[in-house]
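# Observations on the model geometry
These are the residues of each chain, in order.
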Amino acid sequence: MTAAAREGSTIDPAEVARFDALAKSWWDPKGPMAVLHKFNPVRLAFIRDLACERFGGDPKSLRALEGLSLVDIGCGGGVLCEPLARLGAEVTGLDPATTNIAVARAHSAKAGIAVDYREKTIEAVVASGTRFDIVLAMEVVEHVADVDAFVASCCAAVKPGGLLVMATLNRTLKSYALAIVGAEYILRWLPRGTHDWEKFVTPDELEAAIETSGLTVFAREGVAYNPLADRWSRSRDLDVNYMLAAGRAG
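So, here's what we can say about the structure. (Residues numbered from 1 in each chain as written. Predicted model: local features only at pLDDT ≥ 70, side-chain atom pairs only at ≥ 80, totals over all residues. Heavy atoms only, no water.)

## With respect to the packing of helix α7 (residues 147-156) against helix α9 (residues 203-212)
When two helices pack together, their arrangement is captured by the angle between the axes and the distance separating the axes. To keep it simple, the criterion reads: Note on method: axes are straight lines fitted to C-alpha atoms, helices fitted across the in-contact stretch only, with angles between N-to-C directions ranging 0 to 180 degrees. Counting from the N terminus, the helices are the DSSP runs of H or I reaching at least four residues and the strands are the DSSP runs of E reaching at least two. In these notes the angle categories are as follows: under 35 degrees is roughly parallel, over 145 is roughly antiparallel, 65 to 115 is roughly perpendicular, and the rest is oblique. By definition, turning the near helix anticlockwise from the far helix through less than a right angle yields a left-handed crossing, and turning it clockwise yields a right-handed one. Every residue pair with non-hydrogen atoms within 4.5 Å of one another is taken to be in contact. Polar here means any residue outside two lists: the nonpolar Ala, Val, Leu, Ile, Met, Phe, Trp, Tyr, Cys and Pro, and the charged Asp, Glu, Lys and Arg; Gly therefore counts as polar.
The contact between α7 and α9 brings their axes to 9 Å, and the two run at 50°. By the criterion of interaxial angle, the relationship of α7 to α9 is oblique. α9 is crossed by α7, and the crossing has right-handed handedness. Contacts between α7 and α9 pair D148, V151 and C155 from the former with L206, A209 and I210 from the latter. Tallied by class, residues from the contact of α7 with α9 come to 5 nonpolar, no polar and 1 charged.

## Remarks on the environment of R86
Residue position: R86 is located in helix α4 (residues 81-86). Considered as a pair, R86 and R63 are 23 residues apart in the sequence and their alpha carbons are 7.1 Å apart. Excluding its chain neighbours within four sequence positions, the residues that come into contact with R86 are L62, R63, A111 and I113.

## So, the pairing of strand β7 (residues 231-235)
We apply this condition: Strand pairing is assigned whenever DSSP identifies at least 2 bridges connecting the two strands.
Here strand β6 (residues 216-226) pairs with β7 via 5 bridges, running antiparallel. From the neighbouring strand, A224 faces β7, where its bridge partner is S233. In textbook terms, the turn of a hairpin is the stretch between consecutive antiparallel strands, and for β6 and β7 this stretch comprises 4 residues, one of which, D230, has a positive phi near 50°.

Dropping the structure here:
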């Protein structure tokens, strides 16, 4: 078990081991993480636009997130951390998988991008008293052992006036057909066993967990794939992939 896995009860060791094995392929746009690379611009724009609206930034600026502290929980190889740092945010990336953090550090160093990568859990960071303007948990909640405890820790990491953004998979028959049967068994976008449909979380369940922890959900948005254009885009359809944003009062 990694040091990070020992620090928090929401870590699922089997999930950590699975992603640790995939770590070296994070930055291969044609490898097992190819779908993530195509998905990344959609979630990046969602985060940028919400952050600018909340903190008064300019979404058209190359440094739209200047001066904001941000943590990406379950950062993997840093695929989302690096573009957020390029937008000016002070980024911390957390991941319990040792190899993920090693890959992320090496890639950011080579690219000359400053990101503070830590092999830690969000529980440990919260216990240290650190808080952030923006807290991200993108495609993570479906892999944790205790959703309510994990969400509570994510919420606790948000500063007064701050922003929480989460993305995950809805637990519907449509998501089973597309995200598991389609993505893992037919199209082979992801290794088989990447997801467990029973661990998917509905928007109502996630919103309830967030609001129990004192934040107010103000945005829900789906993400849909267009096979003809081979492109992901924001959508009103929350049946499969969705993103959710919440704020803490100032």
